[in-house]
Amino acid sequence: FEGGEAGIRAVNKIAAVGPDRRQVHNVFEFDESRGVIQTVWGRTMAMDQMTIAPNGWLAASSKTAAEQLMALASHLMIAERVRLNTTPLVALVCTQRVLSNVWWSVKSTDDESEKLLALWLISTPGLLLYLAELEVTEGGWVAMKKGPLESLAVLPPDKLRETQRNNLVELFEQLLDQHFPLLKEQFREGKEGRGLRFQLDSELLTTLAGRRIGKNELAPLYSLLSQESEHWESPPAGTTDDEE
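Residues numbered from 1 in each chain as written. Predicted model: local features only at pLDDT ≥ 70, side-chain atom pairs only at ≥ 80, totals over all residues. Heavy atoms only, no water.

## Here we look at the packing of aromatic side chains
Item 1. Using the criterion set out here, one finds two aromatic pairs in the structure.
Item 2. On the basis of an interplanar angle of 25° and a centroid distance of 5.5 Å, the ring pair of F30 and W41 is categorised as stacked. Here the residue F30 occupies a position in strand 3 (residues 28-31), and W41 occupies one in the loop between strand 4 (37-40) and strand 5 (43-44), the gap between them amounting to eleven residues.
Item 3. Overall, F30 belongs to the partly exposed group, its relative accessible area being 33%.
Item 4. An angle of 65° between the planes, with centres 6.4 Å apart, marks the rings of F187 and W232 as edge-to-face. Taken together, the residues span a long stretch of sequence, with F187 in helix 8 (residues 183-191) and W232 in the loop between helix 10 (215-229) and strand 15 (241-243) at a distance of 45 residues.
Item 5. The side chain of R43 reaches across the aromatic face of W103, ending 5.4 Å from its centre. (Phe/Tyr/Trp six-rings, centres within 6.5 Å; stacked < 30°, edge-to-face > 60°. Helix = DSSP H or I, 4+ residues; strand = E, 2+ residues; numbered from the N terminus. Buried < 20%, exposed > 50% of the residue type's maximum accessible area, 1.4 Å probe, protein only. Lys NZ or Arg CZ within 6 Å of the ring centre and 35° of its normal.)

## Details of the environment of W120
Item 1. Note on placement: W120 falls in helix 4 (residues 111-122).
Item 2. By relative accessible area, W120 is classed as buried at 7%.
Item 3. A C-alpha to C-alpha distance of 7.0 Å links W120 and V154, two positions 34 residues apart in sequence.

## A few points about the nonpolar core
Item 1. Formed by 61 residues in total, the largest nonpolar core has its most connected members in V106, Y130 and L168.
Item 2. Tallying contributions element by element places helix 4 first for this core, with seven residues.
Item 3. For V106, the contacting residues outside a window of four places in its chain are V11, A15, A16, V17, S74, L76, I78, E114 and L149.
Item 4. Residues V27, L69, A73 and L99 belong to the second largest nonpolar core, which totals ten residues. (Core = buried A, V, L, I, M, F, W, Y, C linked by side-chain atoms within 4.5 Å. Contact = heavy atoms within 4.5 Å.)

## Digging into the environment of R165
Item 1. Following the sequence through the fold, R165 ends up in helix 7 (residues 162-175).
Item 2. Note on R165: relative accessible area 16%, which makes it buried.
Item 3. With 30 residues separating them in the primary sequence, R165 and E135 have C-alpha atoms 32 Å apart.
Item 4. When near neighbours in sequence (up to four residues on either side) are disregarded, R165 contacts D110, E112, S113, L116, P157, D158 and L160.

Here is the structure:
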């Protein structure tokens, strides 16, 4: 980073990854109105904003086991399974600390750091590193396993200079209520130097590099990603949900 310490770090060096879906299902049951902790249950294409509110509660079958897992609840959620052609975002920030059945909870040192990690993962540099760690499951599905997630390289918030951190928090606040289109459309817009992905990448990379990063440098990357996205499998007819 310009004016600071260079480098990126593995997730498990700066944050704790929460329980997997099996652990969540073994200890909790989904309830729309009451429970011991709130949740973001399932994933749909409508989850297209960087911030989201809980959509239910988790009721616990074992108090001791529940407390152990609840200690890893977080605002930051990273997609555990993804259908790339129906996905707007691979990371979200919830308004409450939650556990989920299809999102990894990733608990960092403070709420602001979780926002910055989400911003990085949504950006194209972070997304490319995320995609490189995915495991193909079946058809259009890919999965992020716990081991690869823990070793995933991310932007370390504690290595940012104060001005960089402030600029990126401001960028997050500017974009948090915006509706992101599907990834394929984000890349198509980016080629033309427009859209939310271009705005995010340009501002984030400009902040980190200390010089303006614009269309001329980003368009070739978006062009390649747009071409690659054409090979992603189309969703089945009538598909609205990625995962429940």
